[in-house]
Amino acid sequence: MAMLIPLLLAAAPAPALPAPSEPRLRATVTTLVGFGTRHTLSTVTDRKRGIGAARDWAAARFAEMAKDCGGCIKVERIARRFTGPRAPNGVMVEDVLGIQKGRDSERVVIVGAHIDSRVTDEMNATADAPGANDDASGVALVLEAARILSKRSHDATIVYAVFSGEEQGLWGATLLADTAKARGWQVSAMLNNDIVGNTVGQGGVRVADRVRVFSEGIRASEDMVQQQERRAIGGEDDGPSRALAKAIDGIAGTLPGGLDVMLDRRPDRFGRGGDHEPFLKLGYPAVRFSVGAENWDRQHQDLRTENGVDYGDTIAGMDFPYLAKVTAINMATLERLADAPAAPASAGIAGALSRDTTVTWSPVPNAAGYRVRWRRNDAQDWTAMRDVTGTSTVLQQVPVDDHFVGVSSLAADGSESLVTFAGHAARR
């Protein structure tokens, strides 16, 4: 099935990453809960309570990591004023970033989570809003990934992002997506982690064996002509974000004792949204991680007990071994994509009236080779592959009418980019 090229085996892959620390994850969530409320409209001057103190603490954590890794992480705080129905008088939204610059400083992978929290009334900025699972769990994941991945160097830059303003309208993510565009970042992937730390869902159902990964098919950034082209080539299930989700699924399957990835084929939960969406609107590959079963009694609720039911997002609803497994999937994905070259900008197929398919693709700087993947049109996952060093190949006895084809780029150690779906070949 696969033809391996010796060049691609010249460098040994990096050793396995250390396992995430459950005690560290718990300590981070405990500290964030201890700020009382992290509502975006809460105090920014109190040193012990509110969104300002929480953001200062996150920045200090990144600074500690930077010291430990000899300055490999740059701490940056970006801010912009937003106004909307949930902040009618306006609010300064600030993101805290840990930026680990890679050898290719323009290519970027992002992992993010929102630090703000809320209770039942989205305008209540003073009541205790612990936000343990939504979304201290995601922030703990981001900080733990930064601690471990900063011990190694990577080709791409990794941006560890702590957002504000998610509950007001995805404002912190909008700020970072706009910043990425303004700075000319080539974003290979954005991983949003929101509600990733519980295994007991509504009504007591327990789902501890899987994590959901949501991804768009037809791209939010495509105009009608581009959408028609995607439908014409059959690429509805193979856009960049869906390719990212499929890659995560494959990576998770290699981790011993890990979780199954439920590849949820819609951008987010039904009728709801998250911090990956502003990135999708600008055309960046982005997905959302979320638990297998949500407990809505513990989301956006005033702290109380009614009829024997505890309401509110407290640590009591957390499962830290599960959170560690979700963290491990994120880390493995970040490392692979940060160590791989960029995905080919384009790929095409031709072969009308032939039993063979000719595949061509654009060259990628610093790629040691390429992996051509294909599958029958009635399959969802790639079933065959071939590694080559040029920018074209012929798949014999693979009729173009009945097969989908994609191309990824490879590093010398075998790290693989996302797969670029092959459409119509460019006319010469």
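Q: Teacher, can you tell me more about the side chain of Ser409 here?
A: By the secondary structure assignment, Ser409 is in strand β16 (residues 403-410). The class of Ser409 is buried, set by a relative accessible area of 0%. Here Ala342 takes part through its backbone oxygen, which lies 2.4 Å from a polar atom of the side chain of Ser409. Leaving out residues up to four positions away in the same chain, Ser409 has contacts with Pro341, Ala342, Ala343, Pro344, Val364, Ala367, Gly369, Tyr370, Ser415, Glu416 and Ser417.

Q: Would you explain helix α6 (residues 224-233) in this entry?
A: In an α-helix, one turn spans 3.6 residues; hence positions three or four apart end up facing the same way. Put simply, Asp223 is the residue that caps the front of α6, since its side-chain oxygen is 3.2 Å from the backbone nitrogen of Val225. Count one or two residues on from α6 and you reach Gly234, which has phi positive near 75°.

Q: I keep staring at the sheet that holds strand β11 (residues 347-350) and nothing clicks. Help me out?
A: Two orientations exist for strands paired in a sheet by backbone hydrogen bonds: parallel and antiparallel. In space, the 4 strands of this open sheet follow the order β15-β12-β11-β18, with mixed pairing throughout. What marks the edges here is a single partner per strand, and that holds for β15 (392-395) and β18 (423-424). Two strands pair when backbone bridges link them, and strand β12 (residues 357-361) and β15 are joined in this way by 4 bridges, in the antiparallel orientation. The residue bridging Thr360 from the neighbouring strand is Ser392, located in β15.

Q: Sorry, what's going on with the nonpolar core here?
A: Across soluble globular proteins, nonpolar side chains show a tendency to be buried alongside one another. Core analysis: the biggest nonpolar cluster contains 63 residues, and Phe62, Tyr160, Ile248 and Phe289 have the highest contact counts within it. Top contributing element to this core by residue count: helix α3 (residues 132-149), with 11 residues. Not counting the four nearest positions on each side in its chain, Phe62 is found in contact with Ile73, Val75, Val96, Leu97, Gly98, Val142, Leu143, Ala146, Tyr160 and Val162. Grouped together as the second largest cluster of nonpolar side chains are 25 residues, Ala161, Ala173, Ala177 and Ala180 included.

Q: What exactly am I supposed to notice about the state of the cysteines here?
A: Put plainly, two cysteines are in a disulfide when a covalent bond ties their sulfur atoms together. As enumerated under the stated definition, the model contains 1 disulfide in all. In this model, Cys69 is linked to Cys72 through a disulfide, with the two sulfur atoms separated by 2.1 Å. Judged by the sign of its S-S torsion, about -100°, the bond between Cys69 and Cys72 is left-handed.

Thresholds, definitions, all that
- Residues numbered from 1 in each chain as written.
- Predicted model: local features only at pLDDT ≥ 70, side-chain atom pairs only at ≥ 80, totals over all residues.
- Heavy atoms only, no water.
- Helix = DSSP H or I, 4+ residues; strand = E, 2+ residues; numbered from the N terminus.
- Buried < 20%, exposed > 50% of the residue type's maximum accessible area, 1.4 Å probe, protein only.
- Polar contact = N/O pair within 3.5 Å; in protein donor to acceptor, adjacent residues only side chain to side chain.
- Contact = heavy atoms within 4.5 Å.
- Pairing = 2+ DSSP bridges.
- Core = buried A, V, L, I, M, F, W, Y, C linked by side-chain atoms within 4.5 Å.
- Disulfide = S-S within 2.5 Å.

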